[in-house]
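# Chains, contacts and geometry: an overview
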Amino acid sequence: MSLFSRFFRKVPSPAPAPAPSRQASKAPPKTSAADRALTDDAERKALQSAVEAEDAQAIARLVVAGSSTRIRQAAASAIQDPDLLRQLIRDVRGGKDNNVYKILTAKRDALLEQARKLEQLQAGIRDTAAALERHSQRPYDALYGPRLEQYEISWNEVAAQADPELRGKVQQWIDRSRQTVAEHHRQVAEQAAREQAAIDAAAEARRLREQQAQESAAAAAEQARVASEQKRALSEQQQAEQQGARQIGELIRKARAALGDGSTSRAAGIRRTIEEKLPAAQPLPANLASQIQQLDNQIAELKDWKSFSVAPKRAELIEEMESLIGVPLDPQALADRIKGLQDEWRTLSKGADESLEAEWQRFHQAAQKAYQPCSEYFAAQALVRAENLQRRDALLARLTAFAAEYNWEQADWRDVIRTLRETKEEWRNCSPVDRQAAKAQQKGFDTLTASLQGRVDAEHARNLKQKEALIERARQLLASDDNRKAIDAIKGLQQQWQAVGPVPREADQRLWGEFRQHCDAVFQRRQQAVAAFTADLENNKAQALALCEQIESIAALEGPELLARAGALAELRSAFEALGELPRADTRELRNRLDQGLDRCRKAVARQHARDAEHSWSDLFTAADHVRRYRLALASGADTQPLGALKEAAESHIASVQRWPKGGLDALRQSLAREPSADLQAHENALKLLCIRAELVTDTPTPPEDQALRREYQLQRLVQGMGQGSRADETPLDAMAIEWIGIGPVEDMAYEPLLQRFRRCRELGSARA
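Residues numbered from 1 in each chain as written. Predicted model: local features only at pLDDT ≥ 70, side-chain atom pairs only at ≥ 80, totals over all residues. Heavy atoms only, no water.

## Some points on the overall build of the protein
Within the protein one finds 26 helices and zero strands. Across the protein, contacts joining residues at least 24 apart in sequence account for 73% of those joining residues at least 6 apart. Accessible area of the protein: about 47300 Å², with a carbon and sulfur share of 52%. (Helix = DSSP H or I, 4+ residues; strand = E, 2+ residues; numbered from the N terminus. Contact = heavy atoms within 4.5 Å. Areas by Shrake-Rupley, 256 points an atom, 1.4 Å probe, with all protein chains shown as cover.)

## Structural notes on the packing of aromatic side chains
Applying the stated criterion across every chain yields a total of 13 aromatic pairs. Judged by centre distance (6.3 Å) and plane angle (80°), the ring pair of Phe 402 and Trp 408 falls under edge-to-face. Assessed through its relative accessible area of 18%, Phe 402 is described here as buried. With a centroid separation of 4.8 Å and 25° between ring planes, the pair formed by Trp 740 and Phe 758 is classed as stacked. Within this pair, whereas Trp 740 is found in helix 25 (residues 733-742), its partner Phe 758 is found in helix 26 (residues 748-768), the two being separated by 18 residues in sequence. The residues Trp 740 and Phe 758 share a single accessibility class, namely buried. Each member of the aromatic cluster is reached from another via a ring pair, and the members are Phe 402, Tyr 406, Trp 408 and Trp 413. The side chain of Arg 455 reaches across the aromatic face of Trp 408, ending 4.4 Å from its centre. Its end group placed over the ring of Trp 617, Arg 762 keeps NZ or CZ at 4.3 Å from the ring centre. (Phe/Tyr/Trp six-rings, centres within 6.5 Å; stacked < 30°, edge-to-face > 60°. Buried < 20%, exposed > 50% of the residue type's maximum accessible area, 1.4 Å probe, protein only. Lys NZ or Arg CZ within 6 Å of the ring centre and 35° of its normal.)

## A word on the environment of Asp 83
Residue position: Asp 83 is located in helix 5 (residues 82-92). The class of Asp 83 is partly exposed, set by a relative accessible area of 26%. As for Asp 83 and Arg 108, which are separated by 25 residues in sequence, their C-alpha atoms are 9.4 Å apart.

## Observations regarding empty space enclosed by the protein
By rolling a water-sized probe across the atoms, one finds the places where empty space is left. In total, this model carries three cavities of 30 Å³ or more according to the counting rule given. Considered as a void within the structure, the largest cavity measures approximately 110 Å³ in volume. In this structure, the largest cavity is lined by 13 residues; those nearest its centre are Ala 624, Arg 628, Trp 740, Ile 741 and Ile 743. Going through the elements one at a time, helix 20 (584-635) and helix 25 are the ones with two or more residues in the lining of the largest cavity. No other element matches helix 20, which puts four residues into the lining of the largest cavity. Of the residues assigned to the lining of the largest cavity, the class counts are nine nonpolar, two polar and two charged. (1 Å grid on protein atoms, 1.4 Å probe; cavity = no way out; pocket = protein on both sides within 12 Å on 5 of 7 lines; lining within 4 Å. Points joined across faces, edges and corners; volume = space filled by probe spheres on them. Nonpolar A, V, L, I, M, F, W, Y, C, P; charged D, E, K, R; others polar.)

## Considerations on the pattern of salt bridges
Within this structure, the stated rule accounts for 38 salt bridges. A salt bridge links Arg 693 to Glu 739; its shortest N-O distance comes to 3.3 Å. With Arg 693 in helix 23 (residues 680-697) and Glu 739 in helix 25, this pair connects stretches of sequence that are 46 residues apart. According to the relative accessible area criterion, Glu 739 is partly exposed, its value standing at 37%. Overlapping salt bridges, with partners in common, bring together Glu 684, Lys 688, Glu 695, Asp 706 and Arg 757 in one network. (Salt bridge = Lys/Arg side-chain N within 4 Å of Asp/Glu carboxyl O.)

## Here we look at the nonpolar core
In terms of nonpolar packing, the biggest core is built from 33 residues, with Trp 660, Leu 668, Leu 687, Trp 740 and Phe 758 touching the most fellow members. Among the elements of the structure, helix 20, helix 21 (640-656), helix 22 (664-673), helix 23, helix 25 and helix 26 are those that each provide at least two residues to this core. The leading source of residues in this core is helix 20, at eight residues. Counting residues in each nonpolar core, the second largest holds 20 residues, with Leu 547, Cys 548, Ala 555 and Cys 601 among its members. (Core = buried A, V, L, I, M, F, W, Y, C linked by side-chain atoms within 4.5 Å.)

## Considering the side chain of Ser 480
Tracing the backbone through its elements, the reader meets Ser 480 in the loop between helix 15 (435-477) and helix 16 (483-499). A distance of 3.3 Å separates a polar side-chain atom of Ser 480 from the backbone nitrogen of Asp 482. For Ser 480, the contacting residues outside a window of four places in its chain are Ala 486 and Arg 525. (Polar contact = N/O pair within 3.5 Å; in protein donor to acceptor, adjacent residues only side chain to side chain.)

## Comments concerning helix 4 (residues 69-78)
The periodicity of an α-helix, 3.6 residues per turn, causes residues three or four places apart in sequence to face the same way. Every buried residue of helix 4 is accounted for by Ile 71, Arg 72, Ala 75 and Ala 76. Projected down its long axis, helix 4 carries its buried residues within an arc of 135°, all on one side. Looking at the buried residues of helix 4, the elements they touch are helix 2 (33-53), helix 3 (56-65) and helix 6 (98-136). (Arc of directions from axis to C-beta.)

## Observations concerning the packing of helix 23 against helix 24 (residues 707-720)
Interhelical geometry of helix 23 versus helix 24 gives an angle of 70° and a closest axis separation of 10 Å. Judged by the angle between their axes, helix 23 and helix 24 are roughly perpendicular. For the pair helix 23 and helix 24, contact is made by Lys 688, Leu 689, Ile 692, Arg 693, Glu 695 and Leu 696 and by Leu 709, Arg 710, Tyr 713 and Gln 714, respectively. Per-class residue counts for the contact of helix 23 with helix 24 are five nonpolar, one polar and four charged. (Axes fitted to C-alpha atoms, helices over the stretch in contact; angles between N-to-C directions. Parallel < 35°, antiparallel > 145°, perpendicular 65-115°, else oblique.)

## Concerning the environment of Gln 365
In this fold, Gln 365 is placed in helix 13 (residues 357-405). Residue classification places Gln 365 among the partly exposed residues on the basis of a relative accessible area of 44%. When the C-alpha positions of Gln 365 and Ile 318 are compared, they lie 9.8 Å apart, and in sequence the two are 47 residues distant.

## Observations regarding helix 23
Helix length check: helix 23 (18 residues) gives 26 Å between terminal C-alpha atoms against 26 Å at 1.5 Å per residue, within 8%. For helix 23, the set of buried residues is His 683, Glu 684, Leu 687, Lys 688, Leu 690, Cys 691, Ile 692, Arg 693, Ala 694, Glu 695 and Leu 696. Tucked inside the fold, the buried residues of helix 23 contact helix 5, helix 24, helix 25 and helix 26. Trailing helix 23 by a residue or two, Asp 699 shows a phi angle of about 55°, which is positive. (Expected span 1.5 Å × (residues − 1).)

## Thoughts on unusual backbone geometry
In this chain, Ser 431 is followed by Pro 432 through a cis amide linkage whose omega measures 0°. One can find Pro 432 in the loop between helix 14 (413-429) and helix 15. Not every positive phi belongs to a glycine, and Asp 699 is a case in point at roughly 55°. Structurally, Asp 699 is set in the loop between helix 23 and helix 24.

## Focus: the side chain of Ser 136
Among the secondary structure elements, Ser 136 is positioned in helix 6. Beyond its immediate sequence surroundings of up to four residues, Ser 136 is in contact with Tyr 144, Trp 173, Arg 176 and Ser 177.

Here is the structure:
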């Protein structure tokens, strides 16, 4: 006998005996170690050949009937077909080789996990594609571009696993969304171009007005200059005519002033100058001639007076000068006092005729001794003035180099202004200096700083024009209807304002106040728009909450009311989607609540349908029991009266049920009308086989007394599947239930346990579904 025949030979028919004695009492013959080795080697080669030939049925036979654990485990590891895996798991459940069962269940779990991940991937593909389709139909808003980028990233992650047709549709939706973005950018560019053209036109008009004003001012200035020149020429002519008389009159006043100071010698010198100018002058007016005569008389009188009154005064000056020798006074105050005494001496000495040499020598020596401390002080001051001159020279050289070497094309004007201010301050700190020596130096410094200040003033003028243009643009934005664009434009203008160079402080404060007023007005409009937008969001949120509550209330219902109101779920979802934008912080929570509510409703409806279906099956089994009792009584030859009552009870129960499972009513009627068979044992065996089939489908253990029948059925299924693919019993449990009704009557004691087994399998199947 071949190895194949040894494992899969037909099971011999049992001898006629009671059911418990079906199994053969003869023990299988024991095989030697050599036979087991040969069998193991043959099975190993058969397994290798089956794997290479991809013969799943041959591999399955080795999983079930392999002679050694190693062969069965190796064969189990080679199984790849999911249906065959499920069939083999049911076949080996409860056997001796748990490792084979673990290998098969592990491979089944791996395949289920792979299927679950594939389903998740397909769900992600569908969700992302639906989001892109909805997005392509939306109008443009501020979040349109970022959302499109996010959707594209999500799609690119799963696009490779999508089918080509869907990829083509999604690409069309992406292209449509990009066209929406491009169209928005084009509209923005056109609006910006129109605004810029309006600004340029306004600037050109302002430039023309300024040019006309400058030309008018230049013409007026030229007219004023010509008139001024004419007036100056006439004035010079008049002055030339009166020059001689004025000079003589001025000299007369100076001579009188000298006489008033007591200086007769200076007055006499001025009188000689008058005498020199008289020949060249026109004939003098009578009043000037009279004044000259009076001046001569005053000079003569003063000389006579000095001859008798100044001698005591000179003696006092000499004593006072001698008293200043060694006096601890401030050098500057002491020098001023010595100079004052010297001035008084010169005043007294003017016009005196007598010899003053002895007194003068005494006064002069006293002055030199008293001035000695002042000489040292002023010598130190001279050094300070010289150092300050040198510092100013260095400062002027540094400023000259700065003006010559600075890059005026890319000037930092704030740095230039700071340098100019600090240089002027440092120049003032370089004091005192010798005025005569610093005259040319001061002129050069003034010229250089004026040149630099001119550059700064020109930059101020340019910056003033730029800021005035920005103010004009900000004012125009007040009329814009697009608040978002106006806000963006205002922010851009504020950045441009910061980039504009310096202007004089007073003008800057005035312009900034005007510019800020326009900006605040635009931002205030935005705040009003934001408040209105926020109110809309809150209104949408309230409606969304109300819709979610309605959906959740439907999910809490049961029975016919649940099924009746479940038809409104699609309308409620559409109403939610039509609400528009929701508050960003609440969007995800509200959508999750909506999805969860809809999911709860779907599950509630599914549970209700399952309850209704199970109730109909329960009615079917109850009706089948009535029919069984009637047919059992009929097969037992009961009296006519009890038979009529049982039949009437069965028909009455059947008529009272409104809903039957598909095919259930026909099966009941056929069973009720069919002639009963008296072979109750055959009917019982048929019901047991149905229970075993249901237990195999639901992976439910079979009671010990029917284990032999289960193994026999499994082997028969395996033998029948040879060459056709080993497949599990694919008959649905519902079809088995209809088949249950068609089986003949069974005694109550045997029927009730079998019915409980079968209905338990149905409950497990329903729970797993």
